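What the coordinates show
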Amino acid sequence: AQSVTQLDSQVPVFEEAPVELRCNYSSSVSVYLFWYVQYPNQGLQLLLKYLSGSTLVKGINGFEAEFNKSQTSFHLRKPSVHISDTAEYFCAVNQIKAAGNKLTFGGGTRVLVKP
Amino acid sequence: DSGVTQTPKHLITATGQRVTLRCSPRSGDLSVYWYQQSLDQGLQFLIQYYNGEERAKGNILERFSAQQFPDLHSELNLSSLELGDSALYFCASSVAPNEQFFGPGTRLTVL
């Protein structure tokens, strides 16, 4: 079984300030890791993914995340947020196995960017 | 735009009724996934189809069923609806196991 914990349900942040969203996972086998963003009344959009290789992953819209295997974490960061980054962010894992590729999501972190 | 389409966008129905949600995957994607997003349960995987065959199953209720057709579109059937089935239902598709593209969702309201 696998599980994902997003440690903060809400993160208020001022415009142009940095933000970090924390994600920890639990899995008995190796996983792929993802961050998705959901803007109000929209579907999920992939921000970035970690499959293998460099543990620092860069995504769209200036976001990046670092995979830490020893701490089973995949925290998301952005050095300077914009009002348009107001959204809900989901961390997800996918166990690397032959059959079935379900994503297991965390509970989400709602980011509110204030002017 | 992810390339995944879902219809209808909104659905309002009564308890005990049956509804069908439709999903068209991105061109070339063989896998289709269904997820449910609700306030109390969050985002949960329901079921995956690959090229017409069921590949993986999550916490899908027995009242729910799905299928994938030869043209690769998929339908999620929800029957004997209860108030608690009100949720946003997402379809996703992929060609490889390492990235899923999500549709805009169908918002189901059961009254």
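Preceding this paragraph is the structure being described.
Below or above, wherever it landed, is the structure these notes cover. These figures come from a predicted structure and were not determined experimentally.

Let us now look at the layout of surface pockets. Of the voids in this model, the largest pocket is the one considered here, and its volume is about 690 Å³. Forming the walls of the largest pocket are 28 residues, and the residues nearest its centre are Gln38 and Glu88 of chain A together with Gln37, Leu88 and Arg107 of chain B. Every element with two or more residues in the lining of the largest pocket is listed here: strand 10 (87-95) and strand 12 (109-114) of chain A together with strand 4 (31-38), strand 9 (87-94) and strand 11 (106-110) of chain B. Residue classes in the lining of the largest pocket are distributed as 11 nonpolar, 12 polar and 5 charged. Empty space within the second largest pocket amounts to approximately 300 Å³. Leu44 and Gln45 of chain A together with Asp1, Ser2 and Phe102 of chain B are the residues nearest the centre of the second largest pocket, which is lined by 14 residues in total. When residues of the lining of the second largest pocket are traced back to their parent elements, those giving at least two are strand 6 (44-50) of chain A together with strand 10 (101-102) of chain B. Among the elements that make up the lining of the second largest pocket, the one with the highest residue count is strand 6 of chain A (3 residues). Each residue belonging to the lining of the second largest pocket can be placed in one class, and the counts come to 6 nonpolar, 6 polar and 2 charged.

In summary, soluble globular proteins display a tendency toward joint burial of nonpolar side chains. In terms of nonpolar packing, the biggest core is built from 28 residues, with Trp35, Leu48, Leu76 and Tyr89 of chain A touching the most fellow members. Counting residues in each nonpolar core, the second largest holds 21 residues, with Trp34, Leu46, Leu81 and Val110 of chain B among its members.

This structure, assessed with the given rule, holds 2 disulfides over all chains. With its sulfur 2.0 Å from that of its partner, Cys23 of chain A forms a disulfide with Cys91 of chain A. One disulfide, between Cys23 of chain A and Cys91 of chain A, carries an S-S torsion of -65 degrees and so falls in the left-handed class. Of the two residues, Cys23 of chain A is situated in strand 4 (residues 23-27) and Cys91 of chain A in strand 10; the sequence distance between them amounts to 68 residues. The disulfide partner of Cys23 of chain B is Cys91 of chain B, and the gap between their sulfur atoms is 1.8 Å. The disulfide joining Cys23 of chain B to Cys91 of chain B has a torsion of about -55 degrees about its S-S bond and is therefore left-handed. One end of the pair, Cys23 of chain B, is in strand 3 (residues 19-24); the other, Cys91 of chain B, is in strand 9, and 68 residues separate them in sequence. Each member of the pair, Cys23 of chain B as well as Cys91 of chain B, carries the same accessibility label: buried.

Before going further, it helps to spend a moment on the packing of aromatic side chains. A full pass over the atoms with the stated rule returns 13 aromatic pairs over all chains. For the ring pair Tyr25 of chain A and Phe67 of chain A, a centre distance of 6.4 Å and an interplane angle of 25 degrees mean the geometry is stacked. Taken together, the residues Tyr25 of chain A in strand 4 and Phe67 of chain A in strand 8 (residues 64-68) connect sequence positions 42 residues apart. No difference in accessibility class separates Tyr25 of chain A from Phe67 of chain A, as the two residues are buried. When the centroid spacing of 5.6 Å and the interplanar angle of 65 degrees are considered together, the rings of Tyr35 of chain B and Phe45 of chain B count as edge-to-face.

All names here are of chain B. Its place among the elements puts Glu75 in strand 8 (residues 74-78). For Glu75, a relative accessible area of 18% puts it in the buried group. Engagement of the side chain of Glu75 in a polar contact is seen with the side chain of His73, the distance being 3.5 Å. Setting aside residues up to four positions removed in sequence, Glu75 forms contacts with Thr20, Leu21, Arg22, Trp34, Ser65, Ala66, Gln67 and Phe69.

Quick notes on the rules
- Residues numbered from 1 in each chain as written.
- Chains lettered and ligands numbered in written order.
- Predicted model: local features only at pLDDT ≥ 70, side-chain atom pairs only at ≥ 80, totals over all residues.
- Heavy atoms only, no water.
- 1 Å grid on protein atoms, 1.4 Å probe; cavity = no way out; pocket = protein on both sides within 12 Å on 5 of 7 lines; lining within 4 Å.
- Points joined across faces, edges and corners; volume = space filled by probe spheres on them.
- Helix = DSSP H or I, 4+ residues; strand = E, 2+ residues; numbered from the N terminus.
- Nonpolar A, V, L, I, M, F, W, Y, C, P; charged D, E, K, R; others polar.
- Core = buried A, V, L, I, M, F, W, Y, C linked by side-chain atoms within 4.5 Å.
- Buried < 20%, exposed > 50% of the residue type's maximum accessible area, 1.4 Å probe, protein only.
- Disulfide = S-S within 2.5 Å.
- Phe/Tyr/Trp six-rings, centres within 6.5 Å; stacked < 30°, edge-to-face > 60°.
- Polar contact = N/O pair within 3.5 Å; in protein donor to acceptor, adjacent residues only side chain to side chain.
- Contact = heavy atoms within 4.5 Å.

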